[in-house]
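Fold and geometry: a report
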Amino acid sequence: MALLLLLLYLVFTHLAILQHAVSASFNSDFDISWGSDHAKIVDNGQQLQLTLDQSSGSGFQSKNEYLFGKIDMQIKFVPAGSVTAYYLSSQGDKHDEIDFEFLGNLSGDPYIMHTNVFSQGLGNREMQFNLWFDPTADFHTYSVLWNPQQIVFSVDGTPVRVFNNSESLGVAYPKNQAMRIYSSLYWNADNWATRGGAVKIDWSNAPFVASYQNFNAQACTASSDCSASSWYAEQALDSSEQQKLEWVRKNYMVYYYCSDTKRFPQGLPAECPR
């Protein structure tokens, strides 16, 4: 009897962790949070579209809050002069956040992918990369692996950034606050976001549509236990993943806060390599 109860517990725990991975419906997993007349869910819940024109942008958020997980989203972006934010965040002044932002550039020039991590309301941990493909031409997968040891940002399965837990150095790490998934297509960010305002939106091509599909969250809600999941205990990239990470950093990284000594004249943040 005790063995049966244990098996039932493990089964229900596993289902709680994977329920969002198998539902894969924007109708059940997300709400339009602003610009409701500029956003819609189509294809029987399989795709969500955010629209930008001269009157407004739009955004959405997840119905559930997650505390650790492996989260994937396929996104197709819009042209120059726009900013698309895709991130996880808790609430309040001392919020935690895991942040992707995508800054549109001139046609033919690389799209800039901006990443950041906030812990207890403190960010300033930016890394930026030129994407090595045109993210407006097709869907690509943008992923976050978040566990107690590390946060890994990936694009199409290629790791681009690892933020390790450095609490032993006195650095706060996001591990206690559950976060929702958010995305917004900003209205007319061409006055600051793309080359400092040098790249303007060509409104003759509006409306612009950013599309999302194949959401997959092997993640835990605040009330479920992730410790049995394989990704929960991962502490380091394997050799192949490490090679891919180094390839991205060598060829496509355009800003790294740990290299910006002018920004931190009193010394680089504690988590930066010495």
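Basis of the calculations
- Residues numbered from 1 in each chain as written.
- Predicted model: local features only at pLDDT ≥ 70, side-chain atom pairs only at ≥ 80, totals over all residues.
- Heavy atoms only, no water.
- UniProt positions renumbered as here; feature names shortened; annotations may be inferred.
- Helix = DSSP H or I, 4+ residues; strand = E, 2+ residues; numbered from the N terminus.
- Contact = heavy atoms within 4.5 Å.
- Buried < 20%, exposed > 50% of the residue type's maximum accessible area, 1.4 Å probe, protein only.
- Pairing = 2+ DSSP bridges.
- Axes fitted to C-alpha atoms, helices over the stretch in contact; angles between N-to-C directions.
- 1 Å grid on protein atoms, 1.4 Å probe; cavity = no way out; pocket = protein on both sides within 12 Å on 5 of 7 lines; lining within 4 Å.
- Points joined across faces, edges and corners; volume = space filled by probe spheres on them.
- Nonpolar A, V, L, I, M, F, W, Y, C, P; charged D, E, K, R; others polar.

Another point: the UniProt feature "active site" (unreviewed entry) in the chain. As annotated in UniProt, the feature "active site" (unreviewed entry) corresponds to E97 and E101 in the numbering used here. Assignment of secondary structure puts E97 in strand β7 (residues 97-103). With residues up to four places along the chain from it excluded, the contact list for E97 reads Y87, L88, S89, N116, V117, F118 and M179. What makes E101 buried here is its relative accessible area of 18%.

Before going further, it helps to spend a moment on unusual backbone geometry. Non-glycine residue D43 carries a positive phi angle of around 55 degrees. Structurally, the position occupied by D43 is in the loop between β2 (39-42) and β3 (47-52). Unlike most non-glycine residues, D156 shows phi in positive territory, near 50 degrees. You can see D156 is positioned in the loop between β11 (150-155) and β12 (158-164).

Moving on, we come to the environment of V209. Mapped onto the elements of the fold, V209 is located in strand β14 (residues 208-221). Residue classification places V209 among the partly exposed residues on the basis of a relative accessible area of 35%. Separated by 160 residues in sequence, V209 and Q49 place their C-alpha atoms 6.3 Å apart. Not counting residues within four places of it along the chain, the set of residues in contact with V209 comprises Q49, L50, T51, K76, F77 and V78.

Quick look at the sheet that holds β2 now. One open sheet accounts for 7 strands, arranged β2-β3-β14-β5-β10-β11-β12; its pairing is antiparallel. The sheet is open, and its two borders are formed by β2 and β12, each paired with just one other strand. Taken over all neighbouring pairs, the strand axes of this sheet differ in orientation by 20 degrees on average, direction set aside. Relative to strand β10 (residues 140-146), strand β5 (residues 66-76) runs antiparallel, the two sharing 7 bridges. Residue pairing across strands places M73 opposite Y142, the latter belonging to β10.

Take the environment of F60 next. With respect to the helices, strands and loops of the structure, F60 is situated in strand β4 (residues 58-62). Each C-alpha atom of the pair F60 and S184 lies 6.6 Å from the other, and the pair is 124 residues apart in sequence. With sequence-adjacent residues up to four places away left out, F60 is seen in contact with F30, D31, I32, S33, L48, L50, M73, I181, Y182, S183 and Y212.

It is worth spelling out the layout of surface pockets at this point. Any empty space left between atoms is shown by rolling a water-sized probe over those atoms. Empty space within the largest pocket amounts to approximately 360 Å³. Forming the boundary of the largest pocket are 20 residues, of which V162, F163, N164, R249 and Y256 lie nearest the centre. For the lining of the largest pocket, the secondary structure elements donating two or more residues are β12 and α3 (239-252). In terms of residue count, the dominant contributor to the lining of the largest pocket is β12 (5 residues). Across the lining of the largest pocket, the residue classes tally to 12 nonpolar, 5 polar and 3 charged.

What follows deals with the pairing of β4. Most of β4 is tucked away, with 4 of its 5 residues classed as buried. Bridge analysis of strand β1 (residues 30-34) against β4 gives 4 bridges, and the strand direction is antiparallel. Directly across from I32, in β4, lies its bridge partner F60. Judged from the 4 bridges that link them, β4 and strand β13 (residues 180-185) form a sheet pairing that is antiparallel. Note that in β13 the partner of F60 across the bridge is S183.

The next subject is the sheet that holds β1. Read across the open sheet, the 8 strands follow the order β1-β4-β13-β6-β7-β8-β9-β15; overall the sheet is antiparallel. Both edges of this open sheet fall to β1 and β15 (253-256), since each of them pairs with a single strand only. On average, each strand axis in the sheet is inclined to that of its neighbour by 15 degrees, with strand direction left out of account. By the bridge criterion, 7 bridges tie β7 to strand β8 (residues 112-118) in an arrangement that is antiparallel. In the sheet register, F100 faces β8, and the bridge partner there is T115. Strand contacts of α3: β9 (127-130) and β15, with the helix running at about 90 degrees to β15, the strand carrying the most contacts.

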